[in-house]
Amino acid sequence: MSKKRRTDPNADRPLHPGPRPPREERVFYVAVEGASTEPDYLSYLNDEFGRDLRFRIHPLWRSKGLKPREVVEAVLAQRSQDEGDEKDEFWALFDRDEHVGIPQAIAKAKKNDVRIGFSHPSFDLWLLLHLAAFSGAQGGSSVIVHEKLRKHPAFETFEPNGDKSIRNERVEALKGKENVAAKRARKLTNDCPNPACNENDGHADHCDPLCRDPSTDMWELLVALKIIER
Ligand SMILES: [Zn+2]
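Residues numbered from 1 in each chain as written. Predicted model: local features only at pLDDT ≥ 70, side-chain atom pairs only at ≥ 80, totals over all residues. Heavy atoms only, no water.

**A word on the pairing of strand β4 (residues 115-120)**
(1) Moving on: The buried count for β4 comes to five of six residues, which makes it a mostly enclosed element.
(2) Moving on: The sheet contact formed by strand β3 (residues 89-95) and β4 spans five bridges and is parallel. Across the sheet, residue W91 finds its bridge partner in β4, namely R115.
(3) Moving on: Handedness of the β-α-β unit built from β3, helix α4 (residues 102-111) and β4 comes out right-handed.
(4) Moving on: In this structure, β4 lies alongside strand β5 (residues 215-216), joined through two bridges in antiparallel fashion. (Buried < 20%, exposed > 50% of the residue type's maximum accessible area, 1.4 Å probe, protein only. Helix = DSSP H or I, 4+ residues; strand = E, 2+ residues; numbered from the N terminus. Pairing = 2+ DSSP bridges. Right-handed = clockwise from strand over helix to strand, strands pointing away.)

The structure is reproduced here in structure tokens:
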């Protein structure tokens, strides 16, 4: 077809692409608390895996950050105006930190079929698990997580109130370690004080997320994206 069009002397108009083909990429709206680390990390996932695995993550965040309840509200607001595919996925990522309102945020997400990526004490634990194993209750503080993270050259200058970006050498340090990080995250389930929880079955439905210290569900997002297998 294209050969014929090109040799046609009258075909001097630009070729139009015609109607858009049906969207083939899977769309994930992911609302996050932080304004730097998490959006950067999600951009990395888009850049590294999005094309091959045919997904696109749209991070939802605010420059001043969001509280857990606001993270859930942000993704629900997006969904209420979403005219996309019914297969679009909606996720809320938030941390234990010092925040109150975690149970309410979790309840609201569950009630509205929003998937949750909860980290205790913080998302930064997920980054650390790419580089090292970790254990021991943290009581909502990320001080030790950050200390351990800074032991790795790429994260030497990673500061809670400073440069928390995930770019360049930090991205390189994480690359290819998704499965290792997920394995470590799942192993932490064995430490849950609730005896019903373990790495094979995950946390039991009745397990209070505030007791999952430390823990991170971030690997479940990577399973949904098909970056790793369950
Ligand atoms: Zn548990």
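The rest of the description comes next.
**Thoughts on the packing of helix α2 (residues 37-53) against helix α5 (residues 123-131)**
(1) Moving on: It is the contact of α2 with α5, at a shortest axis distance of 10 Å, that shows an interaxial angle of 45 degrees. As summarised for this structure, α2 and α5 are arranged oblique, according to the angle between their axes. Here α2 runs over α5; the crossing is left-handed. On the side of α2, the interface is formed by T37, E38 and Y41, while α5 contributes F123, D124, W126, L127 and H130. (Axes fitted to C-alpha atoms, helices over the stretch in contact; angles between N-to-C directions. Parallel < 35°, antiparallel > 145°, perpendicular 65-115°, else oblique. Left-handed = near helix turned anticlockwise from the far one by under 90°. Contact = heavy atoms within 4.5 Å.)

**Topic: unusual backbone geometry**
(1) Moving on: With an omega dihedral of 15 degrees, the bond running from H120 to P121 counts as a cis peptide bond.
(2) Moving on: Residue placement: P121 occurs in the loop between β4 and α5.
(3) Moving on: The linkage connecting D213 with the following residue, P214, adopts the cis geometry, with an omega of 0 degrees.
(4) Moving on: For P214, the position within the fold is in the loop between α8 (178-187) and β5.
(5) Moving on: Of note, the phi angle at D97 is positive, near 40 degrees, even though the residue is not glycine.
(6) Moving on: In this fold, D97 is placed in the loop between β3 and α4.

**A few points about the coordination of the zinc ion**
(1) Moving on: The protein atoms that coordinate the zinc ion are C192 (SG), C197 (SG), H203 (ND1) and C207 (SG), at distances of 2.2 to 2.3 Å.
(2) Moving on: Classification of the site at the zinc ion as tetrahedral follows from its four donor atoms and the range of 102 to 113 degrees in their angles at the metal.
(3) Moving on: Sequence spacing of the donor residues for the zinc ion, all on one chain, is C-x4-C-x5-H-x3-C. (Donors = N, O, S within 2.8 Å, 3.2 Å for Na, K, Ca; no water. Tetrahedral: all angles 85-135°; square planar, octahedral: opposite > 155°, others 65-115°.)

**Considering the sheet that holds strand β2 (residues 55-60)**
(1) Moving on: Judged by pairing direction, the sheet is mixed, and its five strands sit side by side in the order β2-β1-β3-β4-β5 without closing on themselves. In this open sheet, the two edge strands, each paired with only one partner strand, are β2 and β5.
(2) Moving on: Against the sheet, α2 engages β1 (26-32), β2 and β3, with an angle of about 165 degrees to β2.

**Observations regarding the side chain of D124**
(1) Moving on: Turning to its location among the elements, D124 is positioned in helix α5.
(2) Moving on: Given the relative accessible area of 3%, D124 is considered buried.
(3) Moving on: Side-chain polar atoms of D124 contact the side chain of H146, separated by 2.7 Å.
(4) Moving on: Ignoring anything within four residues of it in the chain, the contact list for D124 reads T37, V145, H146, L149, F158 and K164. (Polar contact = N/O pair within 3.5 Å; in protein donor to acceptor, adjacent residues only side chain to side chain.)

**Comments concerning the pattern of salt bridges**
(1) Moving on: Overall, the coordinates contain eleven salt bridges when judged by the stated rule.
(2) Moving on: Taking the shortest distance from any N to any O, the salt bridge between E172 and K175 comes out at 3.1 Å.
(3) Moving on: Put simply, E48, E172 and K175 are held in one network by salt bridges that share partners. (Salt bridge = Lys/Arg side-chain N within 4 Å of Asp/Glu carboxyl O.)

Everything listed here is a matter of coordinates, which is why it stays silent on function.
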